[in-house]
Amino acid sequence: FCLMAAPGKVAAFRLPPLPTIGEIIKLFRLKALKQLSQNFLLDLRLTDKIVKQAGELKNAHVCEVGPGPGGITRSILSAGVEQLLLIEKDARFIPGLQMLSEAAPGKVRIVHGDILTYKMEKAFPKHLKKNWEDEPPNIHIIGNLPFSVSTPLIIKWLENVSKRDGPFIYGRTQMTLTFQKEVGERLTANPGSNQRSRLSIMAQHLCTVENCFIIPGQAFVPKPEVDVAVVHFTPLVQPKIQQPFELVEKVVQSVFQFRRKYCFRGIETLFPENGRLKRTEQLMMTADVDPTLRPFQLSMSQFRNLCNAYRKMCDEDASLFVFNYREELRQKKMRRSLPGNTGQPEQTEEENQL
């Protein structure tokens, strides 16, 4: 259909009368699958509130991840978007989404596929591209993510931000996504907070991360055991740590390996057993980091110093970056299990933890 506007006025986009989300679920006999950690959000006031956090969507291009029965989809269309790309892995939801597509001719494109493997580089028109230093492009990613996919997906997208590829080939594309409340708290945690983690550093060094609001678990069907956080990401013009994603991730993962111990203990795992203590001391002195701080107490600038110092050491010794502490432990374990090696020491508490 076509909405006629009075001269000089833009008509607001309105979806024609449609079955409610609850009716769609009944009509197509949809059931949330526990193994896919699916939870439906049926309250359109809440879906409108999520979409509002994305910012001004009039004439924007939006990708919705895992639309399910289409609650958030309706709110996105009602915001007056130019184009909406829906990526849904579960084929059971496609017929209901096609009803929405038919109600908004020319606005909706449905892809039956997995967001973890979908090539986002070609998802939007080329003319929308902006320089990285410019304002974010008129492109948004929105999604009520299944808990099982939310953490691996945000890590994948943070790597894309770092490399300016995937959905960020168009510029600093903004994202508005749902996470378990605890994951949302980790993403935004400050130094000293118990929730401070690898996820805090990886997200905050690349993006402005805002924990917008909490949706109580009882708003979902079926009700999850946890509340849900809506988190908004805007990529930074300059990352806070100017090193390759893989290097930052390796250092941050190592530091948080033993989060209850001094950070010295985790940093040791960056180095082979031969010369480990000396190299760990060298790294901490160069980075000017107190070895008796706990991992969650370290500031972003201290992580930056650690990454810069570790990069310098890797440049001087190319074998350092490929060293894998877990592989070293595995080899030691194998040697211990060989016949005749009864004198080898038992596994340490740290080895068991790993």
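Residues numbered from 1 in each chain as written. Predicted model: local features only at pLDDT ≥ 70, side-chain atom pairs only at ≥ 80, totals over all residues. Heavy atoms only, no water.

Engineer: Would you mind going over the overall build of the chain with me for this structure?
Structural biologist: Per the secondary structure count, the chain includes 14 helices and nine strands. Here the chain holds 354 residues, and the buried ones make up 49% of them. At a minimum sequence separation of 6, the contacts of the chain that also span at least 24 residues come to 68%. Of the roughly 17,800 Å² that the chain leaves accessible, carbon and sulfur atoms contribute 51%. (Helix = DSSP H or I, 4+ residues; strand = E, 2+ residues; numbered from the N terminus. Buried < 20%, exposed > 50% of the residue type's maximum accessible area, 1.4 Å probe, protein only. Contact = heavy atoms within 4.5 Å. Areas by Shrake-Rupley, 256 points an atom, 1.4 Å probe, with all protein chains shown as cover.)

Engineer: What's the story with the environment of Arg-45 in this structure? I'm lost.
Structural biologist: As for its placement among the helices and strands, Arg-45 is situated in helix α2 (residues 44–53). Separated by 30 residues in sequence, Arg-45 and Ser-75 place their C-alpha atoms 8.8 Å apart.

Engineer: Before we go on, may I ask you to explain the environment of Leu-153 in this structure?
Structural biologist: Residue placement: Leu-153 occurs in helix α5 (residues 147–163). Judged by relative accessible area, Leu-153 falls into the buried class, the value being 0%. In sequence terms Leu-153 and Ile-115 are 38 residues apart; their C-alpha atoms lie 8.1 Å from each other. Not counting residues up to four positions away in its chain, the partners in contact with Leu-153 are Val-65, Ile-115, Leu-116 and Leu-145.

Engineer: Looking at this model, I keep getting lost on the side chain of Glu-268. Mind explaining?
Structural biologist: Within the element layout of this structure, Glu-268 appears in the loop between α9 (263–267) and α10 (276–287). By relative accessible area, which is 14% here, Glu-268 ends up buried. Residues contacting Glu-268, with those up to four places away along its chain left out, are Arg-276, Leu-277 and Thr-280.

Engineer: Is there a simple way to explain the UniProt feature "binding site: S-adenosyl-L-methionine" (unreviewed entry) in the chain in this structure?
Structural biologist: Those residues carrying the UniProt feature "binding site: S-adenosyl-L-methionine" (unreviewed entry) are Asn-39, Leu-41, Gly-66, Glu-88, Asp-114 and Asn-144 in this numbering. Among the structural elements, Asn-39 can be located in the loop between α1 (21–27) and β1 (40–41). Ignoring anything within four residues of it in the chain, the contact list for Asn-39 reads Asn-144, Phe-147, Phe-220, Val-221, Pro-222, Lys-223 and Pro-224. With respect to the secondary-structure elements, Glu-88 resides in strand β3 (residues 83–88). One polar contact links the side chain of Glu-88 to the main-chain amide nitrogen of Gly-68, over a distance of 2.8 Å. (UniProt positions renumbered as here; feature names shortened; annotations may be inferred. Polar contact = N/O pair within 3.5 Å; in protein donor to acceptor, adjacent residues only side chain to side chain.)

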